[in-house]
Amino acid sequence: MTKPADNSNSTAQTVATNDERFRALITATNDVIYSLSADWSVMRELDGRGFLKDTHEPITGWKAQNVYPADMEKVNAAIDEAIREKKIFQLEHRVLRADGTPGWTFSRAVPILNDKGDIIEWFGSASDITERKQAEEALQEARERSEQQKRVYETITSNTPDLMYVFGLDYTFTYANKALLTMWGKTWDNAVGKGLRENGYEEWHAAMHEREIDQVRATKGPVRGEVSFPHATLGRRVYDYILTPVLNEQGEVEAVAGTTRDITERKQWEEKLAQSSEELQAINEEMAATNEEMAATNEEQAASNEELIVTNEELAFVNQQLRAAQQKIEESETALRLAIEAANFGTWFIHSVTREFITDARLKELFGYYPDEEISIEQALAQIPEEYRGFVATKLENAIYRNGDYDVTYPVIGLHDNRLRWLRAIGNLKADPSGAFSAFTGVVMDITEQTLAAQAISHAEESLRMAIDAAGLGTYHINATDRIFVSSPRLKEFFGFRPDEEVPYDAAINQIHPDYRQQAADLVEAAFTMGTRFDMEYPIIGHHDNKIRWVRGIGEMQHSDGKDYFTGVLHEITEQKQDELRKNDFIGMVSHELKTPLTSLSAILQVLNLKLKKAEDAFVPGALEKANIQVRKMSNMINGFLNISRLESGKILIDKQPFIIGDLVKEIIEENNLTGLTHIIELQPCDKMVTNADRDKIGSVLSNLLSNAVKYSPKGSHIKVNCQKQEGQAVISVSDEGLGIRPEDQPNIFNRYYRVQNNYTKHIAGFGIGLYLSAEIIQRHNGKIWLKSEPGKGSTFYFSLPI
């Protein structure tokens with residue numbers, strides 16, 4: 001740029017000073033800094049800070065390098081204005097960033113003037129506002145989409161005076177059309193997203209609509225009503241409304257749509273119509289009197305004629321009011337039809353004279369027709385299976401021509417898709433005002449899922465009933481609240497009652513044998529209070545025949561229709577029980593007879609062992625010791641059979657005494673080691689606990705668990721015994737490193753005579769009575785016994801006793 005000769009030194013000094021300021025400005029800011037010649041033709045320097053390309057030497061083509069082409073005209077115009085008016089240049093515009101992509105900047109440049117006020121240079125800074133502009137553009141786009149959607153809704157709903165809206169399931173308005181906002185006197189922004197009370201609804205009114213929303217959500221059906229509400233400009237008005245469910249793809253209610261119509265004028269016309277009818281009746285009576293008076297004098301007839309003219313005028317006015325009221329009713333029916341469509345119901349119209357059948361697309365879909373196909377009454381009836389068709393046709397004809405009730409449920413087979421659907425149809429006969437014909441209108445809804453579910457339940461109940469009858473089971477249920485006992489005839493027979501007799505709960509309990517009565521009653525109470533399962537075998541003494549019958553009862557708590565019931569079945573096991581008792585008597589007798597000679601044999605072997613300990617032949621003492629071990633095994637086996645016999649005959653005695661459980665555990669381990677140390681038995685640190693129990697029988701349980709661990713695990717493996725205090729219980733466990741027990745065998749492991757069958761166990765002697773006896777002993781101490789096992793890794797058996 002050319003400078004005056006007399007100012008060259010001053011200008012150079014000014015430029016040097018400005019250059020120093022420019023350097024200081026670069027150091028002090030994070031923005032892009034640049035300097036330009038007075039006419040903006042030369043970019044002297046630009047520190048792009050990674051946003052724009054740096055310029056360290058003066059260049060003239062800086063605009064093409066940095067300014068976005070589409071914004072070039074706007075930038076040049078702003079530069080010209082700033083130079084012309086010697087004012088600060090500032091502009092938001094697009095740029096070409098250092099990586100070549102477009103970005104946004106806010107650029108601001110200050111003119112540097114000499115003493116005469118001429119521009120000699122420009123200093124400027126540019127801020128990167130790309131992210132801000134992108135956010136503004138995204139926000140603007142979202143607003144435009146929202147406004148577009150709002151305009152679509154308003155276009156759809158603006159042509160109707162009806163109030164249309166949508167509730168969320170939290171009772172807030174998610175949509176309200178212009179008519180509703182006008183009624184409230186509010187805007188979209190301060191009404192949508194608010195609840196009923198926030199939009200001016202009184203407490204009773206808001207609570208009523210919330211209950212109705214809950215009803216729509218629960219039943220998936222529409223709700224209709226009338227209510228009074230204050231209009232923002234028209235005062236209190238009367239409205240007719242209908243709420244319908246909006247279902248998602250899974251058939252669940254996700255919102256509730258509503259349509260409300262102002263019926264204030266219709267109500268007023270109806271009231272006026274009723275009043276006019278009364279006035280018309282009075283006029284007719286006056287006309288009759290006038291006609292009688294007409295015969296008397298011509299003057300009176302002239303007066304009557306005038307009154308007749310007035311009456312005709314009033315009658316014409318009444319007819320006009322009637323037509324207006326009819327129009328309002330028709331508009332209300334239109335609103336109702338829109339609500340039905342929102343509820344996804346099919347609708348129909350049948351002309352009683354021409355039998356014209358008009359349906360919507362939804363009804364055609366339910367009958368398997370395409371939307372563009374015509375369907376007649378006969379074609380619709382043809383899709384109903386024959387066994388239902390006659391019934392539905394008869395109900396339809398009766399409803400159309402005799403105003404009969406029409407609320408029917410029936411299946412249809414789709415014409416094209418052959419799909420079975422269950423439908424419920426509800427219709428109403430409406431007479432045309434002219435009296436020339438009647439219109440039969442109605443809705444049909446798809447209830448396939450509900451019907452099929454009900455049929456499945458019915459079939460299951462019938463199958464259960466037949467199974468119970470075939471098995472000869474007695475059934476009962478007891479109400480948890482009033483303890484009313486309802487029993488089947490078969491159960492009454494078990495208890496010795498006649499089928500027609502009432503059997504109270506106490507009377508049934510009293511027929512149980514006294515030795516088992518309290519236990520049975522306690523188990524029933526435990527089911528009521530703790531929800532435990534009832535499973536017990538017990539004898540019953542017949543009420544009338546005094547016959548003893550053994551039964552097995554199984555029952556548990558059930559919840560139905562908001563009430564709790566104890567339900568169960570009884571199966572007679574008298575013959576089975578008698579066989580078991582005879583078997584147990586036989587086992588007990590044989591075991592008792594075998595025990596005496598075995599005791600004598602054991603004593604003889606012990607005496608011989610003592611006398612031959614010093615014998616020179618080492619074989620004899622060893623053989624005697626092995627014989628003694630086998631005798632002990634036989635004695636333990638016989639004692640097991642005797643215990644089963646005593647247990648099932650109710651003669652086993654539990655002699656409870658307090659003792660330290662840890663001491664007993666140590667004794668059992670030491671006794672087991674005396675019989676031959678084949679495994680490494682480890683006793684973990686044992687908590688000191690005193691329990692009140694039968695020491696000998698608890699000891700037999702421990703012995704049995706240790707014996708099983710030895711039998712079913714490899715020699716030399718570890719067996720761990722633990723006893724700890726847990727939640728007021730002494731918990732004892734025995735763990736081995738054996739075969740483990742398969743999951744399918746575990747539920748039966750404590751059953752009498754049950755043995756796991758595999759290639760390994762078939763070589764191990766046993767009758768499957770040890771764990772059964774152990775479980776019975778622990779249960780008689782109010783304890784629990786259980787196991788944890790994994791095949792190939794071993795088993796752990798636990799039992800607990802009250803401390």
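Use the structure listed above.
Rules behind the numbers
- Residues numbered from 1 in each chain as written.
- Predicted model: local features only at pLDDT ≥ 70, side-chain atom pairs only at ≥ 80, totals over all residues.
- Heavy atoms only, no water.
- Helix = DSSP H or I, 4+ residues; strand = E, 2+ residues; numbered from the N terminus.
- Buried < 20%, exposed > 50% of the residue type's maximum accessible area, 1.4 Å probe, protein only.
- Contact = heavy atoms within 4.5 Å.
- Areas by Shrake-Rupley, 256 points an atom, 1.4 Å probe, with all protein chains shown as cover.
- Patch = residues over 30% accessible without salt bridge, like charges linked within 9 Å, V, L, I, M, F, W, Y side chains within 5 Å.
- Salt bridge = Lys/Arg side-chain N within 4 Å of Asp/Glu carboxyl O.
- Pairing = 2+ DSSP bridges.
- Axes fitted to C-alpha atoms, helices over the stretch in contact; angles between N-to-C directions.
- Phe/Tyr/Trp six-rings, centres within 6.5 Å; stacked < 30°, edge-to-face > 60°.
- Lys NZ or Arg CZ within 6 Å of the ring centre and 35° of its normal.
- Lys, Arg positive; Asp, Glu negative; His and termini not counted.
- Charge placed at Lys NZ, Arg CZ, Asp CG, Glu CD.
- Left-handed = near helix turned anticlockwise from the far one by under 90°.
- Nonpolar A, V, L, I, M, F, W, Y, C, P; charged D, E, K, R; others polar.
- Disulfide = S-S within 2.5 Å.

Caption draft 1: Broad picture of the overall build of the chain. Across its full length, the chain holds 20 helices and 27 strands. Taking all 803 residues of the chain together, 39% fall into the buried category. A sequence separation of at least 24 residues applies to 51% of the contacts in the chain between residues at least 6 apart. Of the roughly 46000 Å² that the chain leaves accessible, carbon and sulfur atoms contribute 52%.

Caption draft 2: Layout of a nonpolar patch on the surface. On the surface, Ile413, Leu420 and Leu452 cluster together into a nonpolar patch covering about 220 Å² of accessible area. Locating Ile413 in the fold gives a position in strand S13 (residues 407-413). Accessibility expressed as a relative area gives 32% for Ile413, which makes it partly exposed.

Caption draft 3: Structural context of the sheet that holds strand S22 (residues 680-683). Judged by pairing direction, the sheet is mixed, and its five strands sit side by side in the order S22-S24-S25-S27-S26 without closing on themselves. Sheet topology places S22 and strand S26 (784-790) at the edges, where each strand pairs with a single neighbour. Strand after strand, the sheet turns through a mean of 15 degrees between neighbouring axes, direction not considered. Sheet analysis places strand S25 (residues 729-735) next to strand S27 (residues 794-802), joined by seven bridges and oriented antiparallel. Across the sheet, Ser735 pairs through a bridge with Thr796, a residue of S27.

Caption draft 4: How the structure looks around the packing of aromatic side chains. Summed over all chains, the structure comprises 23 aromatic pairs. Here the aromatic rings of Trp786 and Tyr798 are separated by 5.3 Å at their centres, their planes lie at 5 degrees, and the arrangement is stacked. Of the two residues, Trp786 is situated in strand S26 and Tyr798 in strand S27; the sequence distance between them amounts to twelve residues. Of the aromatic side chains, those joined through ring pairs into one cluster are Tyr165, Phe167, Phe173, Trp184, Tyr201 and Phe229. The ring of Trp104 is capped by Lys133, whose NZ or CZ atom sits 4.4 Å from the centre of that ring. If you follow Arg483 out to its NZ or CZ, it ends over the ring of Phe528, 4.0 Å from the centre.

Caption draft 5: Region of the structure containing a negative patch on the surface. A cluster of acidic residues, Glu278, Glu279, Glu313 and Glu314, forms a negative patch on the protein surface. Of all elements in the fold, only helix H7 (264-294) and helix H8 (298-342) reach the threshold of two or more residues within the negative patch. With relative accessibility at 40%, the residue Glu279 sits in the partly exposed group.

Caption draft 6: Highlighting the packing of helix H19 (residues 695-711) against helix H20 (residues 770-779). It is at 9 Å that the axes of H19 and H20 come closest, and there the two elements cross at 145 degrees. As H19 runs across H20, the sense of the crossing is left-handed. Contacts between H19 and H20 pair Lys697, Ile698, Ser700, Val701, Asn704, Leu705 and Asn708 from the former with Gly770, Leu771, Ser774, Ile777 and Ile778 from the latter. Taken together, the residues that form the contact of H19 with H20 break down as six nonpolar, five polar and one charged.

Caption draft 7: Geometry of the pattern of salt bridges. The tally for this structure, following the rule as stated, stands at 40 salt bridges. Note that Arg424 is salt-bridged to Asp407, the shortest N-O span being 2.7 Å. Taken together, the residues Arg424 in strand S14 (residues 420-431) and Asp407 in strand S13 connect sequence positions 17 residues apart. For Arg424, a relative accessible area of 32% gives the class partly exposed. When its relative accessible area of 33% is taken as the criterion, Asp407 is described as partly exposed. In the salt-bridge network here, residues are joined through shared partners; they are Glu92, Arg132, Lys133 and Glu136.

Caption draft 8: How the structure looks around the state of the cysteines. Applying the stated criterion to the full structure yields one disulfide. The partner cysteine of Cys686 in its disulfide is Cys723, sulfur to sulfur 1.3 Å. Taking the torsion about the S-S bond as the criterion, the Cys686 to Cys723 disulfide, at about -130 degrees, is left-handed. Of this pair, Cys686 sits in the loop between S22 and strand S23 (690-693) while Cys723 sits in strand S24 (residues 718-726), and the two are 37 residues apart along the sequence.

Caption draft 9: Spotlight on the sheet that holds strand S5 (residues 119-128). Read from one edge of the open sheet, five strands run S2-S1-S5-S4-S3, paired in antiparallel fashion. With partners counted over all chains shown, the strands left at the sheet margins are strand S2 (43-47) and strand S3 (89-96), one partner each. Across the sheet, the mean angle from the axis of one strand to that of its neighbour is 20 degrees, orientation sign disregarded. Where strand S1 (residues 32-36) lies against S2, four bridges are found, and the strand directions are antiparallel. Across the sheet, the residue bridging to Leu36 is Met43, located in S2. Contacts from helix H3 (residues 72-85) reach S3 and S5 within the one sheet, and its direction differs from that of S3 by about 155 degrees.

Keep in mind these numbers describe shape, not what the thing actually does.
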